[in-house]
Amino acid sequence: MTRYRLPNRGRVDHARPVRFTFDGKSYTGLAGDTLASALLANGVHLMGRSFKYHRPRGPVSTGSDEPNALVGARRGPGRFEPNTRATIQELREGLEATSQNRWPSLAFDIGSVNDHLGSLFSAGFYYKTFMWPRAFWDRVYEPVIRNAAGLGVSPTEPDADTYASRFAHTDVLIVGAGPAGLAAALAAGRSGTAVMLVDENAEPGGALLSEPSVVIDGKPAWDWLATTVAELNALPNVTVMTRTTAIGYYHQNLVGLCQRLTDHLAAPPAGAPRERLWKVRAREVVLAQGALEKPLVFDGNDRPGVMLAGAAQTYLNRYGVRVGDRPAVVTAHDSAWHIAFDLAESGTRPAVIVDVRDTVDPALTDRAHALGIETLLGRTVTGTSGRLRVKSLRVNRMENGAVGAARDIACDAVLMCGGWTPCLHLFSHTQGKIDWDAGIQAYIPGATTEAVRIAGAGRGLWGIAAALEDGAAAGALAARDAGREAEAQPHTVTADRTGSGVTLTELPTDRNPAAAKAFIDFQNDVTAKDIRLAVREGMRSIEHVKRYTTNGMATDQGKMSNVNGLMIAADALGKRAPQVGLTTFRPPYTPTTFGAFAGYRQGATFEAMRKTPIDPWAEAHGAVFEPVALWRRARYFPKPGEDMHAAVARECRATRASLGIFDASTLGKIEVVGPDAVTFLERMYTNPWAKLGVGRCRYGLLLGEDGFIRDDGVIGRLAPDRFHVTTTTGGAARVLNMMEDYLQTEWPDLQVWLTSTTEQWATVALQGPNARKLLEPFVEGLDISAGAFPHMAVAECTVSGLPARLFRVSFTGELGFEVNVPARHGRALWERLWEAGRPYDITPYGTEAMHVMRAEKGYIIVGQDTDGTLTPDDAGLGWAIGKAKPDFVGKRSLTRPDMVAKGRKQLVGLLTDDPSVVLQEGAQIVADPTQPIPMTMLGHVTSAYRSDALGRSIAMAVVADGRARDGETLHVPMPEGVIAVKVVKSTAFHDPENARLSA
Amino acid sequence: MLLIRCPYCELELPELEFAYAGEAHIARPADPAGLSDEEWRDFLFIRSNPKGVHFERWRHVNGCARFFNAVRETVGDKFLATYRAGEPRPDVATLKGDAK
């Protein structure tokens, strides 16, 4: 038994010890503990150092609102999480936890010198202090500040865990399984409607877990809880999910849940996901999140041992842990008195109850005196002492609004309560209106924008009885709105602890307030003085005060700090709280792992990978692949000992000398069919189509309405009313979308049908002087001789017994064919051609050789040589425009003044003076490399390769007035030196007469 | 994630099935060549971008693939109505329930 653990108390399993380490030291806790409760049971309060001042800190709370006790939690390689709340991390056998933001050790931290330099680090210090010289920011200030301030360190290894995700639909989603949520679930669940009840804790119960003395429906609270949970679990229409945080509330009742599945397990099942992200669409939502306790704001309210009174109650009743031997209670609310009583009755008599109010319910003082606890009313607290643990509390009398004499009270814990504020976070996500309730001096939810009800303490109703009644009503109403008959059953409650309190700014002090460290936001080290300074320096909006001071911007999302910060800002501004307003809460409610958001989208399932029917052959033949859009394409086929350059040079050489074979299946294909198909293409593409004969192809150029090149591809006419349109590999879906858009919305009168056939056809390209010789014996029903089947012919025929669409086209400048067969036959066709091609030294080539060969011919690749700012004329494709056509998409834009102005960038060729130098794609081009920086950049290199056919490097580039610069020498400045290049206005480097193409 | 009613499928479906397609009721001019540069510029680039009720196009791209129109209130990000392409704009006052 550890020193601060009470035997047989709490919901922990006293028979099951759990061993763990903190900063390398071994401890023992109990099953059911959190890391925080187990450390407190061992007398350890010091769990972290603060963000900015490196002040020693211990846990302030027991839940997800914890700002201080952030640790790193580790479970072997690749399983490390920084900034885990010790109050949320359930204890598991072998847990390795480490403290953060300290060096060399938690107890002795060099960085705590910042605490003594506090005046340097006031609100806005980043903006004020490190203004100049500018160069110092990157090299000195930023690295030093980053090093000194901060939370945990990022993990260095890839996450070894997997994550899951799921959609769900339900009639009623209830967030929070405290008394209000449980009552709502009972009322809704008994009606038969589908209910999901979720809670971020390890078990349902909420406040009941901390208040076992309440009697509900004649049963002790924990018996009632067990009965209720059993009933809910037995209802087939009710799902109860624990360790499940509602992280965000989105449109139309979509709520995101993060369910923690394995972090609490000593040995997770193999392959089990660590977390699961749920997207739940609910007809009705009930928010039963309860209220958050606020700290009191006084000098030294952050020392280890100072915590929320409600937290001490939870440690005592739920975990059987005393937070000290001699705690002092400081409060502005009745609730903390009951906690003092619980402590006294369990054998730990508080040193004192200090209440800032002049009078309280005499029943409270009577009970305190009966338990032998000293009470001090109408007091203020002006300080604490103790370095790594609080040792004393300084209490002053208040006399007629003035701070009177001080008295030091020895203690080893301070339990503070600044009142309670409804948890409005999820409600705030919905853009729901938030109202100020002057009666309870708190913000409560107002008008809603969603089908949502807020029940219990979440709307300012204090006490178990009120929560049960309100929850039952909300659950019944939600079930009725979901179409069921439902009753709000009454619950009888005795020994309830309701109460009231006051809402304050920082407590008055007799000391210099400028020297006080009265914290509001513990995690970001924001003090009351920082808020007042921000207002003095001109911040008027609470949103500005928040950003200037960083109040509420830490990972706890201001759960503890927002209302205290607001009260002090309002006071400094001389306004009432509702006139100042609350800052907006945004998702996620608690920090959520990237893994949960990524879900299944990691590794091989990050995104879909499309493979062609010929892909397995390429893989078997050693292809190196590259991604092109979602496709995996063979980039080159290296032979043993070859690098990419050697392989590509060989593939190009073999193709131009004899025969290359290429998998072009990824080309986008759209079947355009119908009586108006030709009219449609006339309007969509720049080229003329009306006179294109059946059995002929044409290069098609597609513009946006803005006149810029969007896509290109060969289009073949198979019948008067049927076209086989090809697009770029990456552009297929975009082009179809654009065609559908015009067809459906601009020209719905046209009788045209569009079908994506990309994946229906496998496309095998045969390129090279021997292409016809290889193909001819395979073709039936078609004469493919040069005269009968010229360049840019298309026909339906049979190839190797397979139904085929045969194109005579070339993207290499060689005699070429593209054979389209039904996808399922693609590999068979490929393998037959491959076998038969051996006498011709048939060589498979990949996308890299394809790129080189097309660049040797000066053919553009849309998206590489164009970038959405090139017109057809800019790209040297003015010939592709049907001059006689009255209109096509983008035509009007081509005569806009900017589109015909001088100085536009035009696509040209570049030849380096040194033929062995290959330019870098993307490199900038200048006229005079000696001009002062920043230089005038004329354009950039779009494509650059080593060309085997030409025996030198070649490049394409867009250059201002490029064609007029034919023969001019320009320069490409690179880190290694300036490269001189000569402009050539034609990009057709190889066989410009197209003699080979027409062979 | 919004729920959007496809006026062709007549089903309310998750936003994941849809793609936004810009402001609605901007018809391509019948004779672009007859437009001045300024008129063509307005057609190409000038959009209303209102704070409030917006008429816009969506496509049920992962469903029936039809383009349709929608009325969306951009402050609360709520759909007031969806309707088929080619149908006239619905009356906003009626949709918002504040018609006199």
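Bear in mind the structure is a predicted one, so any value in this text is a computation, not a measurement.

K.L.:
Explain the pairing of strand S22 (residues 392–399) of chain A to me, and be specific about the residues and the numbers.
P.N.:
All names here are of chain A. Looking at chain direction, strand S21 (residues 379–385) and S22 are connected through 6 bridges and run antiparallel. Bridge pairing links Thr 380 to Asn 396 in S22. Count of turn residues in the S21/S22 antiparallel hairpin: 6 residues, of which Gly 386 carries a positive phi of about 115°. From the end of S22 to the start of strand S23 (residues 402–410), which pair antiparallel, there are 2 residues, and Asn 400 there has a positive phi angle of about 50°.

K.L.:
Quick rundown of the interface of chain A and chain B? Include the residues and the values.
P.N.:
Each side of the interface is counted separately: chain A has 28 residues, and chain B has 28 residues. Across the interface of chain A and chain B, roughly 2,300 Å² is buried in total on both sides, 48% from carbon and sulfur atoms. Seen at the junction of chain A and chain B, the total is 5 salt bridges. A salt bridge links Lys 78 of chain B to Glu 450 of chain A; the nearest nitrogen and oxygen atoms lie 3.8 Å apart. Joining chain A to chain B, the criterion identifies 17 residue pairs in polar contact (both at pLDDT 80 or more). Looking at the side of chain A that touches chain B element by element, the count peaks at 7 residues for helix H20 (residues 732–746) of chain A. Residue composition of the side of chain A that touches chain B, grouped by class: 8 nonpolar, 10 polar and 10 charged.

K.L.:
Give a description of the side chain of Arg 5 of chain A that names residues and reports values.
P.N.:
All names here are of chain A. By the element assignment, Arg 5 lies in the segment before strand S1 (13–22). On the accessibility criterion, Arg 5 (4% relative accessible area) is buried. Residues within four places of Arg 5 in sequence aside, it is in contact with Val 12, His 14, Gly 29, Leu 30, Asp 33, Ala 38, Ala 41, Tyr 319, Gly 320 and Val 321.

K.L.:
Can you lay out the domain arrangement of chain A for me, pointing to particular residues and giving the numbers?
P.N.:
All names here are of chain A. By the assigned domains, chain A splits into domain 1 (1–157), domain 2 (165–291 + 422–486), domain 3 (292–421 + 499–580) and domain 4 (609–667 + 758–859). When each unit is reduced to the centre of its C-alpha atoms, the spacing between domain 1 and domain 2 is 30 Å. Each partner contributes residues to the interface: domain 1 has 11 residues there, and domain 2 has 16 residues. The junction of domain 1 with domain 2 conceals about 1,000 Å² of combined surface from both sides, 39% of it contributed by carbon and sulfur atoms. It is Arg 11, Arg 75 and Glu 90 that lose the most area in domain 1 upon contact with domain 2, and together they represent 55% of the buried surface on that side. Where domain 1 touches domain 2, the interface holds 3 salt bridges. Ionic pairing is found between Arg 274 and Glu 81, a salt bridge with its closest N-O pair at 2.7 Å. Taken together, the residues of the side of domain 1 that touches domain 2 break down into 2 nonpolar, 3 polar and 6 charged.

K.L.:
So what's going on with the packing of helix H12 (residues 528–536) of chain A against helix H13 (residues 542–549) of chain A? Which residues, and what values?
P.N.:
All names here are of chain A. H13 packs onto H12 with a crossing angle of 120° between their chain directions and a minimal axis gap of 10 Å. Between H12 and H13, the interaxial angle falls into the category oblique. With respect to the hand of their crossing, H12 and H13 are arranged in right-handed fashion. Residues Asp 530, Ile 531, Ala 534 and Val 535 of H12 pack against Val 545, Tyr 548 and Thr 549 of H13. When grouped by side-chain class, the residues that make up the contact of H12 with H13 number 5 nonpolar, 1 polar and 1 charged.

K.L.:
Help me get a handle on the sheet that holds S21 of chain A, residues and values and all.
P.N.:
All names here are of chain A. What the 3 strands build is an open sheet, ordered S21-S22-S23; its pairing is antiparallel. Two strands close off the open sheet at either side, each with one partner strand: S21 and S23. Strand-to-strand twist across the sheet, computed as the mean angle between neighbouring axes with direction ignored, equals 25°.

K.L.:
Residue-level account of helix H8 (residues 335–345) of chain A, with values.
P.N.:
For H8 of chain A, the tally of buried residues reaches 10 of 11 residues, placing the bulk of the element in the interior. Where H8 of chain A terminates, the next one or two residues include Gly 347 of chain A, which has phi positive at roughly 105°.

K.L.:
How would you sum up the packing of helix H18 (residues 644–657) of chain A against helix H23 (residues 847–856) of chain A? Please name residues and give values.
P.N.:
Residue and element names in this part refer to chain A. Viewed as axis vectors pointing N to C, H18 and H23 meet at an angle of 60°, and their least axial separation amounts to 9 Å. Taken together, the axis directions place H18 and H23 in an arrangement best described as oblique. As for how H18 packs across H23, the hand of that crossing is right-handed. Of the residues in H23, those in contact with Met 644, Val 648, Glu 651, Cys 652, Thr 655 and Arg 656 of H18 are Glu 848, Ala 849, Val 852, Met 853 and Glu 856. Broken down by class, the residue content of the contact of H18 with H23 amounts to 6 nonpolar, 1 polar and 4 charged.

Cut-offs used in this document
Residues numbered from 1 in each chain as written. Chains lettered and ligands numbered in written order. Predicted model: local features only at pLDDT ≥ 70, side-chain atom pairs only at ≥ 80, totals over all residues. Heavy atoms only, no water. Pairing = 2+ DSSP bridges. Helix = DSSP H or I, 4+ residues; strand = E, 2+ residues; numbered from the N terminus. Contact = heavy atoms within 4.5 Å. Buried area = accessible area lost by both parts, 1.4 Å probe. Salt bridge = Lys/Arg side-chain N within 4 Å of Asp/Glu carboxyl O. Polar contact = N/O pair within 3.5 Å; in protein donor to acceptor, adjacent residues only side chain to side chain. Nonpolar A, V, L, I, M, F, W, Y, C, P; charged D, E, K, R; others polar. Buried < 20%, exposed > 50% of the residue type's maximum accessible area, 1.4 Å probe, protein only. Domains from an automatic or database assignment. Axes fitted to C-alpha atoms, helices over the stretch in contact; angles between N-to-C directions. Parallel < 35°, antiparallel > 145°, perpendicular 65-115°, else oblique. Left-handed = near helix turned anticlockwise from the far one by under 90°.

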